[in-house]
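Observations on chain architecture
Chain residues, written in single-letter form:
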Amino acid sequence: MDVAELVAAVGEGGLACEKADKIIENVLGTFSLPFAVALNVQVNGEDFVAPMVVEEPSVVAAASNAARMVREGGGFSAEADEPIMIAQVQFDEVPDGARACLRIKQYANELIALGNTAVPGLVRRGGGVRSIEPRYLGDGMLVVHFHVDCRDAMGANLVNTVAEAVADRLQELCDGRTGLRILSNLCDRRKVRVTCCVPARALASDDFDGIEVRDGIVRASRFAERDPYRATTHNKGLMNGLDAVAIATGNDWRAVEAGAHAYAARSGTYSPLCVWRADGNDLMGELELPLSLGTVGGPSRVHAGAKMGLRVVDASSATELAMVAASVGMASNLAALRALATDGIQRGHMALHARSVATAAGAIGADVERVAAHIHGLGDITIDTARRVLAELSRSTTSAPPPAE
Ligand code: MEV
């Protein structure tokens with residue numbers, strides 16, 4: 001598809017009903033969400049336009065605004081591990097766990113080669129099984145991890161193929177009963193790390209100076225570090241941005257979510273994935289999480305929205321896409337903390353929320369902004385008020401004299 005065709009297809013939701021019917025079962029139709037872009041995203045000195053699919057007002061504006069502040073400090077610095085996913089092959093009733101682990105290690109090369117024969121295309125693209133790790137879990141339960149380099153794929157299908165291909169041989173070696181053969185979404189060998197340094201002056205607002213805002217953000221970070229109730233919401237704000245990029249590029253955001261939250265709880269206490277500190281006159285941010293995003297395969301084959309998202313972000317690899325998506329997550333987190341540490345979240349949020357209430361009340365075109373501004377000004381952002389304001393607007397428009405020729 002050329003760009004014009006893609007833009008037209010995205011305008012219609014990106015997925016025709018006949019195609020949707022081939023992707024999943026019992027299809028009634030399709031379900032559209034807004035497709036937008038975040039601006040100002042600079043990662044490792046390169047500018048990106050980040051595609052975002054999200055239904056929540058202000059997420060895109062807030063991420064773009066925070067990315068602009070980060071840009072004033074030199075942008076995001078990101079790095080990512082090789083795209084290694086984990087295949088788990090599990091056994092029960094293993095008579096001797098230690099002996100089984102030893103035997104599996106002895107036959108590691110044979111097992112790696114066997115895994116690779118199941119994914120020849122991946123091996124041709126430079127990926128494949130890199131190493132294996134048997135783990136005895138006690139009570140006769142053993143699991144063998146296959147570390148698979150998935151290159152530009154998210155990798156679920158590849159990894160599951162490897163897991164199924166090696167199970168019989170492993171079963172002979174460990175003498176147990178074959179259990180599950182499936183990837184792990186805790187892809188902690190495929191992590192991304194992002195840092196940024198924002199000059200305090202870039203954080204200032206009309207009512208707060210930059211140092212005040214910076215210190216408020218640092219206090220908010222410490223709150224999340226001490227309290228899992230807060231850490232959950234802190235991370236939700238981060239995932240607002242990250243998931244939106246994952247969805248816009250056709251990625252499995254449930255996998256991303258599962259891995260992120262498991263990683264956030266790895267110490268036994270659920271913790272923030274991104275923390276903020278003061279450094280001189282600057283605010284320093286640090287984020288780390290496992291992230292399995294792909295730029296090939298999956299919905300990107302059939303969904304015009306996903307194709308468009310990948311075209312817009314123009315990442316050179318899945319690893320680079322992960323760095324951009326994590327940076328947008330960090331920007332979303334920063335934007336939320338900045339708002340919370342100053343005016344509170346509702347002021348900016350309600351102004352934008354008023355537009356969707358106006359739309360829900362039936363306003364179209366220029367009336368959306370008019371009704372939204374009116375109900376926001378009244379401080380009564382409800383559908384009933386929006387309907388009343390819309391009716392008044394329509395009456396005043398119809399009773400107005402026609403414009404002079
Ligand atoms: C709302 O979608 C996200 C926030 O609650 C995040 C946060 O509290 O940090 C604003």
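Residues numbered from 1 in each chain as written. Predicted model: local features only at pLDDT ≥ 70, side-chain atom pairs only at ≥ 80, totals over all residues. Heavy atoms only, no water.

Buried within helix α1 (residues 3–11) are the following residues: L6, A9 and V10. The buried residues of α1 occupy an angular sector of 100° when the element is viewed end-on, so they sit on one face. Seen from the open side of α1, the exposed residues pointing more than 90 degrees away from its buried face are A4 and G11. Lining the buried residues of α1 we find β1 (35–43) and α12 (304–313). Positive phi shows up at G13, right after α1, with a value of about 105°. (Buried < 20%, exposed > 50% of the residue type's maximum accessible area, 1.4 Å probe, protein only. Helix = DSSP H or I, 4+ residues; strand = E, 2+ residues; numbered from the N terminus. Arc of directions from axis to C-beta. Contact = heavy atoms within 4.5 Å.)

The next thing to look at is the packing of helix α10 (residues 228–248) against helix α11 (residues 253–264). Where α10 contacts α11, the axes come no closer than 10 Å and their chain directions differ by 150°. In terms of their interaxial angle, α10 and α11 are classed as roughly antiparallel. Along this stretch, α10 crosses α11, giving a crossing that reads as right-handed. Seen from α10, the contacting residues are N235, M239, L242, D243, A246 and I247; seen from α11, they are W253, V256, E257, A260, H261 and A264. For the contact of α10 with α11, the residue count by class is 8 nonpolar, 2 polar and 2 charged. (Axes fitted to C-alpha atoms, helices over the stretch in contact; angles between N-to-C directions. Parallel < 35°, antiparallel > 145°, perpendicular 65-115°, else oblique. Left-handed = near helix turned anticlockwise from the far one by under 90°. Nonpolar A, V, L, I, M, F, W, Y, C, P; charged D, E, K, R; others polar.)

What follows is about the confidence of the model for the protein. The pLDDT averaged across the protein works out to 94; a share of 98% of its residues lies at or above 70. Note on residues 401–405: pLDDT is under 50 here. Beyond four places in sequence and across chains, it has 0 contacts. (pLDDT = per-residue confidence, 0-100.)

Taken together, 4 strands build an open sheet; the order of strands is β3-β8-β10-β9 and the sheet is antiparallel. In this open sheet, the two strands that pair with only one neighbour each are β3 (77–80) and β9 (274–279). If you compare each strand with its neighbour and ignore which way they point, the axes differ by 15° on average. By the bridge criterion, 6 bridges tie β9 to strand β10 (residues 282–290) in an arrangement that is antiparallel. Note on β10: the bridge partner recorded for V275 is E286. Against the sheet, helix α13 (residues 318–341) makes contact with β3, β8 (191–199), β9 and β10, and its axis sits at roughly 45° relative to β8, the strand it touches most. (Pairing = 2+ DSSP bridges.)

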